[in-house]
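# Structural overview for review
What follows is the residue order along each chain.
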Amino acid sequence: MRFCSNCGAPVELRVPAGDNLPRHVCPACETIHYQNPKMVIGCIAEWEDRILLCRRAIEPRHGLWTLPAGFMENGETVAQAALRETLEEANARVELAAMYSVLSVPHVNQVHIFYRGRLLDLGFGPGEESLEVALFAEADVPWKELAFRTISTTLRHYYGDRKAGAYGFHTGEILPAR
Ligand SMILES: [Zn+2]
């Protein structure tokens, strides 16, 4: 950030009184512009033994496969974000089950959260941000063409749980690729 979004003056990077991290501070109007992690919310949409994946029509990772997911908006709940993203990216309607995974991605300042959900019908199809949308059985999941490590991590847990006969709740962190 270079300019104050409140008054337009150039901002300074400094540690405000009583704080312990540098922030963008406006010397003109004294607004402190906090920057915090963004939430990415998605869904494992299930139809019998298959799940819905979307092939990305946008960067980053254009052409790779992902679970329907995207940035949470102000004014919505986590569950609403999961339903909205599943509808926007895959034109798919789901009934959400339990929250399934929460993965911190600190090097990009994001937290990714996935629900499990039951696909309500087969009328899905690619939204604006998807090239194609399809149901995949476990044997057909394109592991080497998944867009993000939060997706592969979540799906590894998912198939592990399914084999074990019970779905858990998984938390963890994704570290920078070496
Ligand atoms: Zn200002």
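The notes below deal with the structure included here. (Residues numbered from 1 in each chain as written. Predicted model: local features only at pLDDT ≥ 70, side-chain atom pairs only at ≥ 80, totals over all residues. Heavy atoms only, no water.)

### A word on the coordination of the zinc ion
Within the first shell, the zinc ion binds the protein through C4 (SG), C7 (SG), C26 (SG) and C29 (SG), at distances of 2.2 to 2.3 Å. In the primary structure, the donors to the zinc ion are separated according to the pattern C-x2-C-x18-C-x2-C. With C4 in the segment before β1 (12-14) and C29 in the loop between β2 (23-25) and β3 (32-33), the pair connects residues that are 25 residues apart, well separated along the chain. (Donors = N, O, S within 2.8 Å, 3.2 Å for Na, K, Ca; no water. Helix = DSSP H or I, 4+ residues; strand = E, 2+ residues; numbered from the N terminus.)

### Points about helix α2 (residues 149-164)
Between the first and last C-alpha of α2 there are 22 Å, a value that for 16 residues agrees with the 22 Å anticipated at 1.5 Å per step. Listing the buried residues of α2 in full gives T150, I151, S152, T153, T154, L155, Y158, Y159 and D161. Phi turns positive one or two residues past the end of α2, at G165, with a value near 95°. (Expected span 1.5 Å × (residues − 1). Buried < 20%, exposed > 50% of the residue type's maximum accessible area, 1.4 Å probe, protein only.)

### Here we look at the nonpolar core
Among the nonpolar cores identified, the biggest contains 16 residues, and I51, L53, L67, L146 and L155 are the most heavily contacted of them. Elements supplying a minimum of two residues to this core: β4 (38-47), β5 (50-56) and α2. Considering every element that reaches this core, the biggest residue donor is α2, with 4 residues. When residues no more than four places from it in sequence are discounted, the contact partners of L146 are L53, L64, W65, V141, I151, S152 and L155. (Core = buried A, V, L, I, M, F, W, Y, C linked by side-chain atoms within 4.5 Å. Contact = heavy atoms within 4.5 Å.)

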